[in-house]
Each structure stands twice: as C-alpha cells, then as structure tokens.
Amino acid sequence: MLTDKLPRQSLGFFPTPLHPLARLTEMLGGPQLFIKRDDQTGLALGGNKTRKLEFILADALAQGSDAIVTAGAAQSNHCRQTAAAAARLGLECHLLLGGRAPAQPQGNLLLDRLFGCHIHWTPGHRKGEDLAEVVRYLERAGRKPYVAPYGGSSDLGALAFVAALEELKCQWPDQGGPFTHIVFASSSGGTHAGLMLGARLLELPTKMVGINIDKGAGGERSFAGHILDLAGQAAERLGSPQSFTPEDLILDDDYLGEGYGVVGEAEREAIGVLARTEGILLDPVYTGRAMAGLLALVRSGAFEPSDRVLFWHTGGAPALFAYGDQLALGETPTL
Ligand SMILES: *Cc1c(COP(=O)(O)O)cnc(C)c1O
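Residues numbered from 1 in each chain as written. Predicted model: local features only at pLDDT ≥ 70, side-chain atom pairs only at ≥ 80, totals over all residues. Heavy atoms only, no water.

Undergrad: Looking at this structure, how should I read the sheet that holds strand β2 (residues 32-37)?
TA: Across a sheet, strands are paired by hydrogen bonds formed along the backbone, either parallel or antiparallel in direction. Strands sit in the order β1-β2-β10-β7-β8-β9 across an open sheet of 6 strands; the sheet is mixed. The outermost strands of the open sheet, each flanked by one partner alone, are β1 (18-20) and β9 (250-252). Within the sheet, the average angular offset between the axes of one strand and its neighbour, ignoring direction, is 25°. The pairing of strand β7 (residues 181-186) with strand β10 (residues 308-313) spans 3 bridges and is classified as parallel. Bridging from a neighbouring strand, His181 pairs with Val309 of β10. Strands β7, β8 (207-212) and β9 of the sheet are contacted by helix α8 (residues 223-237), whose axis makes an angle of about 150° with β9. (Pairing = 2+ DSSP bridges. Helix = DSSP H or I, 4+ residues; strand = E, 2+ residues; numbered from the N terminus. Axes fitted to C-alpha atoms, helices over the stretch in contact; angles between N-to-C directions. Contact = heavy atoms within 4.5 Å.)

Listed below in structure tokens is the structure:
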C-alpha cells in the first residue's frame, strides 16, 4: 500500500462494506448506484473520521503526547470519534465546541460526554479559533497536548483516504469493476484531497465529485484552494510530489442550502428516500445534503445509464437524534 510506511494505530474495522443500491437504482431508473459504508467503521457508531484518526493519533502517540485537543460544532462527528479514540488509547481529550451548552445533551454531544472528554464551549467559534488557549493551559499543567486538526483534515488525514481508495480498489472486482464516479460530502477537505490524490497515484479514471456542505469552508483561502493545497502536502509526505490545479477538482457548490447544519427540504427528502428504499440512515448535516446532491444530479441527467456511481457514506447518523424536531418527514406513506 502507498501509505505502508506511515505509522497507523488501529481504531476501526476495515474494509468497510461495499454494496449495490438496487432499489434506489430502480427507483431512479439508473445509473447503477453503489455505496461504501464508512458509517460502519466500528468506532463509536462510525464515520469517516475513524480512518483519519488512525494516522493522526498514531502520530500523537509517536510524539509522546498524553492529551488530544480538537474542535468542531456541537454535533461534530469528528469530535465524537476523537473522544472515543482517545478513551480507547487512554489519552485525555479536550474538545472545543461551537455554541453554548444545551440543557439536554443529544446526539454526538451526548456521546462525547459518555467518553469522558473535557468540553470547552466557544460561542461563535466552531473551527478551533481558541485552540491555542487550551493548549497553553495544558502545557502549563505539565501535559503534552497534541492538536488534531479541524475535521481531521491535515496531510495525514488526507492520506487516510489514499489508503481508503486502495481498500476500495481491492473490493470492486466483486461488484463488477471500477466506478465512473464517486460522490461524497466535502467539508474540511481531507476526504476530498485524499480521494483526488489517490486517483492520481493509482491512475484511476474515476471522477471524484465532492458536494460542498459548508458555505464558509476553507476560511480565508477558498475551499477549492484549501483542498488542492492539502492534496499537494499529502503527496509530499508520501515522497511523491504532485501538483494539482483547479481543473483537477470537482467541487459542487449547488447544494449549500441555508448554510452549515441547516436542514432543508432537499436534505429531508434525501434522508427519507434512502431510509425507505434501502433501510440506510443518512445524517442531517453531511450525507443527507450529499445524497440530495446526488439525487439532483441523477434527475438532471448528469450521468449516462451505463455509469457506475458510488456514494461514499461518510457517517454522521448519531446527529439525527439532535435534529428530531426538524426531521418530521411529512405524511406517512400509505399502501
Ligand atoms: C467530517 C464529515 C464529512 C466531511 O469530510 P471532510 O474530510 O471533513 O471533508 C462528511 N460526512 C460526515 C458525516 C462527516 O462527519
């Protein structure tokens, strides 16, 4: 494997399943749809951050760190999986969560609490703007803190998705061969950068179609620029320098809706469709929006009937419980 030389700490169960979406394909009248189940990575209800954390926390252990610090939204899947992984490795975990403590923790936040992490509320900030303060505090207390990047999207986090693509490549012969497209939610960029770099290094013809989830993604730098930088940095870490240009990137900004974490009709429909046709749970923030994008692309004729399109399920379903009041799915289907 391309990433064999990097330290990796086992945290999940791999390979995750790959299977067809037969009823959804039939309902839409093609193309052929498949799904990669990173909602089943096995760590604390799963998700794509498990892959990244296997590389990031191996680095933390190699550096002799004893406390992990990271940041995200109150319903961050990255923070939930980091808290679980830290518990598993016997490391202290500090989360900086955007907003204020709700009266009743739900979804990911409820699980964060079960994993025994320290929560620091940062009103108005959900991307680690105040990390340095917590790091200084821990250092003064004699700890060796390690900062896991926002969304696990560092060069190491991206390389986890180079490894993931190699994993997929071993599985696809059983599903009739390679895919023409891989569609996924893109938000802090590590998944996207890793898949793009992996496709380059493995010389795959597959189009990597990221559905942008967060209007503000990328911060000062454009989100596209951030993904291209990450892919370049990850390639360098592998000792295989590559240059990427905007033409290498497919980032679809058409499904941003009312902004990050705001559930609209498109997300509600996508979550309901996948639940009713396949018995699979999507999440309100990422995969619900990415599936809404995929449904819209199929309906607009973006694919040939012969295309083989993979939806990469990146997890997130624990957040469903925190969005219960917004997910009322309209009338119950009748016979
Ligand atoms: C973090 C996350 C993503 C986005 O992955 P990035 O690598 O941050 O772009 C997608 N789906 C879910 C459920 C996530 O938690």
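Undergrad: Explanation requested: the nonpolar core in the structure shown.
TA: The nonpolar side chains of soluble globular proteins are, as a tendency, buried together. Among the nonpolar cores identified, the biggest contains 43 residues, and Leu57, Ile68, Leu95 and Leu197 are the most heavily contacted of them. Residue contributions to this core peak at 7 residues, all from α8. A domain-level breakdown of this core finds at least three residues from each of domain 1 (18-47 + 153-327) and domain 2 (49-152). When residues no more than four places from it in sequence are discounted, the contact partners of Leu57 are Leu11, Ile68, Ala85, Ala86 and Leu89. Ala270, Leu274, Leu294 and Phe311 belong to the second-largest nonpolar core, a separate cluster that totals 36 residues. (Core = buried A, V, L, I, M, F, W, Y, C linked by side-chain atoms within 4.5 Å. Buried < 20%, exposed > 50% of the residue type's maximum accessible area, 1.4 Å probe, protein only. Domains from an automatic or database assignment.)

Undergrad: Explain the packing of helix α7 (residues 190-201) against α8 here, please?
TA: For any two helices packed against each other, one specifies the inter-axial angle together with the distance between the axes. One can describe the packing of α7 onto α8 by two numbers: an axis separation of 8 Å at closest approach and a directional angle of 55°. On the basis of their axis angle, the class for α7 and α8 is oblique. Here the hand of the crossing between α7 and α8 comes out right-handed. Listed contacts from α8 to Gly190, His192, Ala193, Met196 and Leu197 of α7 are Ile227, Leu228, Leu230, Ala231, Ala234 and Ala235. Here the contact of α7 with α8 is built from residues that sort into 9 nonpolar, 2 polar and no charged. (Parallel < 35°, antiparallel > 145°, perpendicular 65-115°, else oblique. Left-handed = near helix turned anticlockwise from the far one by under 90°. Nonpolar A, V, L, I, M, F, W, Y, C, P; charged D, E, K, R; others polar.)

Undergrad: What is the right way to read the site of the ligand from this model?
TA: By nearness alone, 17 residues border the ligand, and Lys49, Lys52, Ser188, Thr191 and Thr314 come closest of all. Between the ligand and Lys52, the relevant distance is 2.6 Å, taken from an oxygen atom to a side-chain nitrogen or oxygen of the residue. The set of elements that each furnish at least two residues to the shell around the ligand consists of α2 (49-62), β7 and α7. Looking at the shell around the ligand, its residues break down into 2 nonpolar, 12 polar and 3 charged. No fewer than three residues from each of domain 1 (18-47 + 153-327) and domain 2 (49-152) sit in the shell around the ligand. (Near = heavy atom within 4 Å. Polar contact = N/O pair within 3.5 Å; in protein donor to acceptor, adjacent residues only side chain to side chain.)

Undergrad: What exactly am I supposed to notice about the pairing of strand β3 (residues 67-72) here?
TA: Regular strands show a simple pattern: their side chains alternate between the two faces of the sheet. The element β3 is largely enclosed, with a buried count of 6 among its 6 residues. Of the two faces of β3, the one holding Ala67, Val69 and Ala71 and the one holding Ile68, Thr70 and Gly72 are both buried throughout. Here β3 runs beside strand β4 (residues 92-98); their pairing, made up of 6 bridges, is parallel. Residue pairing for β4: Val69 is matched across the bridge by His94. The parallel pair β3 and β4 is bridged by helix α3 (residues 77-89), and the resulting crossover is right-handed. Here β3 runs beside strand β6 (residues 145-147); their pairing, made up of 3 bridges, is parallel. Considered in β6, the bridge of Val69 is made with Val147. (Right-handed = clockwise from strand over helix to strand, strands pointing away.)

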